[in-house]
Amino acid sequence: MTPSPVCPVANRYRVRRARQDDIPSLGSLVRFYAEQGILLPRTEEEFRETIRDFRVIRSEGRVIGCAVLHFYTAKVAELRSLAVLPAHRGEGLGRHLVEALLEEARVSDLDMVFALTYATEFFARLGFVPIDREWIPWKAWKDCLACPKRECCDEIAVARWLKPTAVCGPPPPFSLAAGVLPVLRQEATRRKTTAYFGDIFQK
Ligand SMILES: CC(C)(COP(=O)(O)OP(=O)(O)OC[C@H]1O[C@@H](n2cnc3c(N)ncnc32)[C@H](O)[C@@H]1OP(=O)(O)O)[C@@H](O)C(=O)NCCC(=O)NCCS
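This one's a predicted model, so the numbers in the text were calculated from it and none came from an experiment.

(A) Main features of the nonpolar core. In terms of nonpolar packing, the biggest core is built from 42 residues, with Leu26, Cys66, Met112, Val113, Phe114, Val158 and Ala159 touching the most fellow members. Broken down by secondary-structure element, the contributors of at least two residues to this core are helix H2 (23–34), strand E2 (54–59), strand E3 (62–71), strand E4 (76–84), helix H4 (93–107), strand E5 (112–117) and strand E7 (156–161).

Spelled out as structure tokens, the structure:
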């Protein structure tokens, strides 16, 4: 990825596609936060299968930051397994990783990227806003079924829209969810959405 002339972090640290030999330190970084219940645990087999999707920042021979974009539909992806080694937190690496993946999402013509997180302030600084979980039903079909916290999940759903046109009128996840959610629940979601995001969508 091209170094930014204005961002010192981007000049110092490169976000690159992960390789198989990143797996040991990538795995231990994700495991560190998974053991605290902050990230979903991933097996070595999962890493091997999805390693090409991971983006990493390396320093001193190990992965110090990682994130992955997981595509659910042609227009929606989840940003997940975002982690920065504790010793490097607050240096701008998290922002650097998210911005790199948002750029990839734009290149892939996505409308929206979402995340489930406790780090809501961090995501707010990157332009993500809270959303109703009903907008992201795909998530429940996959990871949530295997998650130890599926009955008591307290993570917040946040999303970032990537195109001005995508936020005019009902947001894309609403229409993509058609046929998945009962019509009445969709209508309730639409009303809540308009109440919450009305100002943003009208701009
Ligand atoms: C969330 C996380 C990735 C942030 O990475 P980071 O490298 O420390 O964040 P950055 O240094 O890039 O911070 C970017 C901005 O967010 C702010 N920020 C970062 N963490 C924050 C927090 N916990 N609360 C409030 N603001 C925060 C920074 O102050 C900075 O603001 P600024 O650009 O206005 O100066 C990192 O704290 C982490 O690995 N957390 C544990 C795993 C996790 O929660 N992952 C998210 C799951 S989806």
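(B) Just the sheet that holds strand E1 (residues 16–17), in detail. An order of E1-E2-E3-E4-E5-E7-E6 is seen for the 7 strands of this open sheet, with the pairing classed as mixed. Looking at the sheet topology across the chains shown, the edges are occupied by E1 and strand E6 (129–130). Pairing analysis gives 6 bridges linking E3 to E4, with the strands arranged antiparallel. For Leu69, the partnering residue across the bridge sits in E4 and is Leu79. Running over the sheet, H2 touches E2, E3 and E4 and is turned about 75° from E3. Contacts from H4 reach E2, E3, E4, E5 and E7 within the one sheet, and its direction differs from that of E3 by about 30°.

(C) Highlighting the environment of Ala100. Here Ala100 shows up in helix H4. It is 9.2 Å that separates the C-alpha atoms of Ala100 and Arg16, two residues lying 84 residues apart in sequence.

(D) Spotlight on the pairing of E7. Strand direction decides the pairing type here: E5 and E7, joined by 6 bridges, are antiparallel. In the strand pairing of E7, Ala115 is matched with Val158. In this sheet, E7 lies alongside E6 in antiparallel orientation, the contact comprising 2 bridges. Bridge pairing in E7 links Pro130 to Val158.

(E) View of H4. In this model, H4 (15 residues) spans 21 Å end to end at C-alpha, consistent with the 21 Å of a helix rising 1.5 Å per residue. For H4, the complete set of buried residues consists of Leu93, Gly94, His96, Leu97, Val98 and Ala105. The elements touched by buried residues of H4 are helix H1 (8–12), E2, E3, E4, E5 and helix H5 (120–125). In the stretch just after H4, Asp109 is the one whose phi turns positive, near 65°.

Calculation rules
- Residues numbered from 1 in each chain as written.
- Predicted model: local features only at pLDDT ≥ 70, side-chain atom pairs only at ≥ 80, totals over all residues.
- Core = buried A, V, L, I, M, F, W, Y, C linked by C-beta atoms within 7 Å.
- Buried ≥ 20, exposed ≤ 12 C-beta atoms within 10 Å, placed from the backbone.
- Helix = DSSP H or I, 4+ residues; strand = E, 2+ residues; numbered from the N terminus.
- Pairing = 2+ DSSP bridges.
- Contact = placed C-beta atoms within 7 Å.
- Axes fitted to C-alpha atoms, helices over the stretch in contact; angles between N-to-C directions.
- Expected span 1.5 Å × (residues − 1).

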